[in-house]
Amino acid sequence: MTLAIVSALPEELAAIDAALHTTRTESLAGRQWRFGRLGDEEVVLCLAGVGKVAAATTTALLLDRFAVRSLLFTGVAGGLGPGVAVGDVVVGREFLQHDMDASPLFPRWEVPLTGRSRFGADAPWADRLAAGARRVLAQPHAALAGFGIVQAPALHQGLILSGDQFIASGAVCRRLQAELPDALAVEMEGAAIAQVCADFDRPFAVLRTISDRADDQAHVDFPRFLREVAAPYSRDIVMATLQGA
Ligand code: ADE
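Here the residue numbering is sequential within each chain, running from 1 through the sequence in written order. Two thresholds apply to this predicted model, a pLDDT of at least 70 for residue-level local features and 80 or more for giving and counting side-chain atom pairs, whereas whole-chain, interface and lining totals are computed over all residues. Only hydrogens and water are set aside when side-chain values are computed; all heavy atoms of the structure are taken into account.

1. What to know about helix H4 (residues 170-179)
Since the α-helix packs 3.6 residues into each turn, any two residues three or four apart lie on the same face. Listing the buried residues of H4 in full gives Gly170, Cys173 and Leu176. One side of H4 carries all its buried residues, which in axial view fall inside an arc of 125°. Opposite the packed face of H4, turned more than 90 degrees from it, sit the exposed residues Arg174 and Ala178. Here, two residues are considered to be in contact whenever any of their heavy atoms come within 4.5 Å of each other. The secondary structure listing takes helices from DSSP runs of H or I that are at least 4 residues long and strands from runs of E that are at least 2 residues long, numbered from the N terminus. In the core, the buried residues of H4 are packed alongside strand S8 (155-162) and strand S9 (183-187). Exposure classes here rest on a 1.4 Å probe applied to the protein chains alone. A residue is buried below 20% of its type maximum, exposed above 50%, and partly exposed in between. Working note: the arc is built from the helix axis to C-beta atom directions.

Given below as structure tokens:
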């Protein structure tokens, strides 16, 4: 059965797409679904689009219509945790929607009627992804120097926050850090994927390269970072993960 590899933005998936031996392409719901082989693995690649609704639509279609066995999301995120620097990699273990708030009817952050605010990644998949990331990070990417990154990139694992907001404000970033001190990174899709995968009881994992610190500088060099660092990182870590199967 097929593995789905998904990103939000074209730049995040570009290098993986270039490595795909495409066998067929389908169009559905405004998305291109590219089927083929990556190494020995049968995969479908898809761009989800940005935000929780786009991610949820994509995930539901992958799990139901295309019956994929599991889902791997790869992209960038803003760093929130104290030691989470630009160029580091985060493997998500738990996901929370930081903009979910149906209080006072339900506790803040809880997804109403599920009794949960945190949704977990599949542990064996996350373990494999972390092992793949460790292998790739052992040889730092040459492009990092072009962004003034001199320290060896680190791998972090833990809580990722998602919301329909690109966080580019020191004040908002500090509020999230104070309210959810164990959060490592913030992005716009992971927790939506986690919730849909929980509904379908299907495994998933999320890999995020840190592109910014979610502060007032967050937009600087973002497209260049996506192209030069995040895209090859995604490809190399995903390939290392699949080879380590
Ligand atoms: N993806 C990458 N950086 C981000 C940020 N600062 N906020 C939300 N999503 C992001």
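Past the structure itself, the notes keep going.
2. Some thoughts on the environment of arginine 135
Position of arginine 135 among the secondary structure elements: in helix H3 (residues 123-137). With relative accessibility at 44%, the residue arginine 135 sits in the partly exposed group. For the pair arginine 135 and aspartate 236, spaced 101 residues apart in the sequence, the C-alpha separation amounts to 9.4 Å. Not counting residues up to four positions away in its chain, the partners in contact with arginine 135 are Ala240, Thr241 and Gly244.

3. A short note on the pattern of salt bridges
Here a salt bridge means any side-chain nitrogen of Lys or Arg lying within 4 Å of a carboxyl oxygen belonging to Asp or Glu. According to the stated counting rule, one finds 15 salt bridges in the structure shown. Here lysine 52 makes a salt bridge to aspartate 164, at a shortest N to O gap of 4.0 Å. Linking lysine 52 in helix H2 (residues 52-64) with aspartate 164 in the loop between S8 and H4, this pair joins segments that are 112 residues apart in sequence. Take lysine 52: its relative accessible area is 12%, and that puts it in the buried class. Between aspartate 127 and arginine 93 there is a salt bridge, and its shortest N-O distance comes to 2.8 Å.

4. Some remarks on the packing of aromatic side chains
Think of a pair of aromatic rings as described by two things: how far the centres are apart, and how the planes are tilted against each other in angle. Aromatic rings from Phe, Tyr and Trp, taking only the six-membered ring of Trp, are treated as a pair when their centres fall within 6.5 Å; an angle between ring planes under 30 degrees marks them as stacked, one over 60 as edge-to-face, and anything in between as tilted. Applying the stated criterion to the full structure yields 4 aromatic pairs. For the pair phenylalanine 35 and phenylalanine 66, a centre-to-centre distance of 5.5 Å together with 70° between the ring planes defines the contact as edge-to-face. With phenylalanine 35 in strand S3 (residues 31-38) and phenylalanine 66 in the loop between H2 and strand S5 (70-79), the pair connects residues that are 31 residues apart, well separated along the chain. One exposure class covers both phenylalanine 35 and phenylalanine 66, and it is buried. Relative to phenylalanine 222, the ring of phenylalanine 166 has its centre 5.5 Å away and its plane inclined at 80°; by these criteria the two rings are edge-to-face. Of this pair, phenylalanine 166 sits in the loop between S8 and H4 while phenylalanine 222 is found in helix H6 (residues 222-243), placing the two residues 56 residues apart along the sequence. Residue classification places phenylalanine 222 among the buried residues on the basis of a relative accessible area of 16%. Ring-pair connections join several aromatic residues into one group, and the members of that group are Trp33, Phe35 and Phe66.

5. Remarks on the site of the ligand
Here, proximity means that at least one heavy atom of the residue falls within 4 Å of the molecule or strand. Near the ligand you find 13 residues, and of these Gly78, Phe166, Ile167, Glu187 and Asp212 are the closest. Distance and chemistry together define a polar contact, namely a pair of N or O atoms within 3.5 Å, with one atom able to donate a hydrogen and the other to accept it when in protein, and with adjacent residues in sequence counting only for side-chain atoms on both sides. A distance of 2.6 Å separates a nitrogen atom of the ligand from a polar side-chain atom of aspartate 212. Accessibility throughout is a Shrake-Rupley quantity obtained with a 1.4 Å probe, and a residue counts as covered only by protein chains that appear here. A total of 260 Å² of accessible area belongs to the ligand in isolation, and the protein chains cover 96% of it. Of all the secondary-structure elements, those providing two or more residues to the shell around the ligand are S5, S9 and strand S10 (204-212). Ten residues, namely Ala, Val, Leu, Ile, Met, Phe, Trp, Tyr, Cys and Pro, are considered nonpolar, four, namely Asp, Glu, Lys and Arg, are considered charged, and the remaining ones, Gly among them, are considered polar. Broken down by class, the residue content of the shell around the ligand amounts to 8 nonpolar, 3 polar and 2 charged.

6. Considerations on the side chain of serine 70
Secondary-structure assignment places serine 70 in strand S5. Of note is the side chain of serine 70, whose polar atom sits 3.4 Å from the side chain of arginine 69. Here the side chain of serine 70 touches tryptophan 125 through a polar contact of 3.1 Å, side chain to side chain. With near-sequence residues (within four places) excluded, serine 70 lies in contact with Thr2, Leu3, Ala4, Trp125 and Pro203.

7. Details of the packing of helix H1 (residues 10-19) against H6
Direction vectors running N to C along H1 and H6 enclose 50°, while the axes themselves pass 7 Å from each other. As summarised for this structure, H1 and H6 are arranged oblique, according to the angle between their axes. Note that H1 runs across H6; the crossing there is right-handed. Contacts from Glu11, Glu12, Ala15 and Ile16 of H1 reach H6 at Leu226, Ala231, Pro232, Ser234, Arg235 and Val238. For helices, the fitted axis covers only the stretch in contact; all axes are lines through C-alpha atoms, and the angles between them, taken along N-to-C directions, range from 0 to 180 degrees. Geometric relationships in this document are graded by angle, where less than 35 degrees denotes roughly parallel, more than 145 denotes roughly antiparallel, 65 to 115 denotes roughly perpendicular, and other angles denote oblique. The hand of a helix crossing depends on one turn: near helix anticlockwise from the far one by less than a right angle means left-handed, and clockwise means right-handed.

8. Concerning the UniProt feature "domain: Nucleoside phosphorylase" (unreviewed entry) in the protein
UniProt positions are given in the numbering used here, feature names are shortened, and annotations may be inferred rather than shown by experiment. Mapped onto this numbering, the UniProt entry gives "domain: Nucleoside phosphorylase" (unreviewed entry) at residues 2-240. Here residues 2-240 runs as 33% helix and 30% strand, with 18 Å between its end C-alpha atoms.

9. Thoughts on the environment of aspartate 216
As for its position among the elements, aspartate 216 is in the loop between S10 and H6. Once the C-alpha coordinates of aspartate 216 and alanine 231 are considered, the two residues, 15 residues apart in sequence, prove to be 24 Å apart. Residues contacting aspartate 216, with those up to four places away along its chain left out, are Ala168, Ser169 and Gly170. A polar contact of 3.2 Å, which involves the side chain of aspartate 216, links it to the backbone nitrogen of glycine 170.

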